[in-house]
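Topology and contacts: notes
Listed below, chain by chain, are the residues.
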Amino acid sequence: RRDGPLGKARCEQGAGPSSRTYWKGGGLRYEGANAMIDWDREWRAAHERSMLRVTSRNERRWRDFWSLDASHYLEEVKCEMPLYEMVIDRLLREGWVRPSDRVLDIGSGPGTMALPLSRKVSSVTALDEAEGMIAVLKEECLECGIGNITTNMSSWNDAKYEDDFDLVLASLSPAVRCGDDLLAM
């Protein structure tokens, strides 16, 4: 979207001049001290080993779980709201978020990032597959008088938008299953 501290295509970091993290062939790689780690491969392997992974056979069950847990999840988010507000304020200070921005929040849940973002940007589109999460977010917007959050109940890869967004965010989202998912967002 814009150049930032990590640049457009590669990020230099690590323990010293011989260490670096970068994108190569669509995957995140780390080189350092005689080792090369393919983070995309590691991410996919961790996902496959996880008891919590979403598969085509259990996808509906996970949507139902998140829908049923939405009210409780929102209460947890409210308790931790100062943390999320600090994150948004930091993004503003660093120039990643601007007051004129239109933001897409993928896997928005009950508004974990959409709610604090709505007070700092022009508009937020909250995208989530779980009906309960979208319903709870809509209720919270009504209760708080927030009018610049639009909701969309859909998976991120099925959602279609005619306009561009200034920032696409997928924070703590189960929708990100590998580096390719991240790049596609």
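Up top is the structure these notes are about.
These numbers come from a predicted model, not from an experiment.

**Examining the side chain of serine 108**
Mapped onto the elements, serine 108 comes out in the loop between β5 (102-106) and α5 (114-118). Discounting residues that sit within four places of it in the chain, serine 108 has contacts with Ala126, Leu127, Asp128, Ile134 and Leu137.

**A look at the sheet that holds strand β7 (residues 149-153)**
Spatially, the 4 strands line up as an open sheet ordered β7-β6-β5-β8, and their pairing is parallel. Every interior strand has two partners, whereas the edge strands, β7 and β8 (167-169), have only one. Strand-to-strand, the axes of this sheet are offset by a mean angle of 15°, without reference to chain direction. Across 3 bridges, β5 lies against β8 in parallel orientation. Residue pairing across strands places leucine 104 opposite valine 168, the latter belonging to β8. Those strands touched by helix α6 (residues 131-144) are β6 (123-128) and β7, and its axis lies near 165° from that of β7.

**Some thoughts on the pairing of β6**
Most of β6 sits out of view: 6 of its 6 residues are buried. The alternating pattern of β6 places Ser123, Thr125 and Leu127 on one face and Val124, Ala126 and Asp128 on the opposite face, and all of these are buried. Pairing geometry for β5 and β6, over 5 bridges, is parallel. The residue of β6 that forms the bridge with isoleucine 106 is leucine 127. Pairing analysis gives 5 bridges linking β6 to β7, with the strands arranged parallel. Of the residues in β7, the one forming a bridge with threonine 125 is threonine 150. Regarding topology, α6 serves as the crossover connection from β6 to the parallel β7, and that connection is right-handed.

About the cut-offs
Residues numbered from 1 in each chain as written. Predicted model: local features only at pLDDT ≥ 70, side-chain atom pairs only at ≥ 80, totals over all residues. Heavy atoms only, no water. Helix = DSSP H or I, 4+ residues; strand = E, 2+ residues; numbered from the N terminus. Contact = heavy atoms within 4.5 Å. Pairing = 2+ DSSP bridges. Axes fitted to C-alpha atoms, helices over the stretch in contact; angles between N-to-C directions. Buried < 20%, exposed > 50% of the residue type's maximum accessible area, 1.4 Å probe, protein only. Right-handed = clockwise from strand over helix to strand, strands pointing away.

From the geometry alone we can't say anything about function, so treat these as descriptive.
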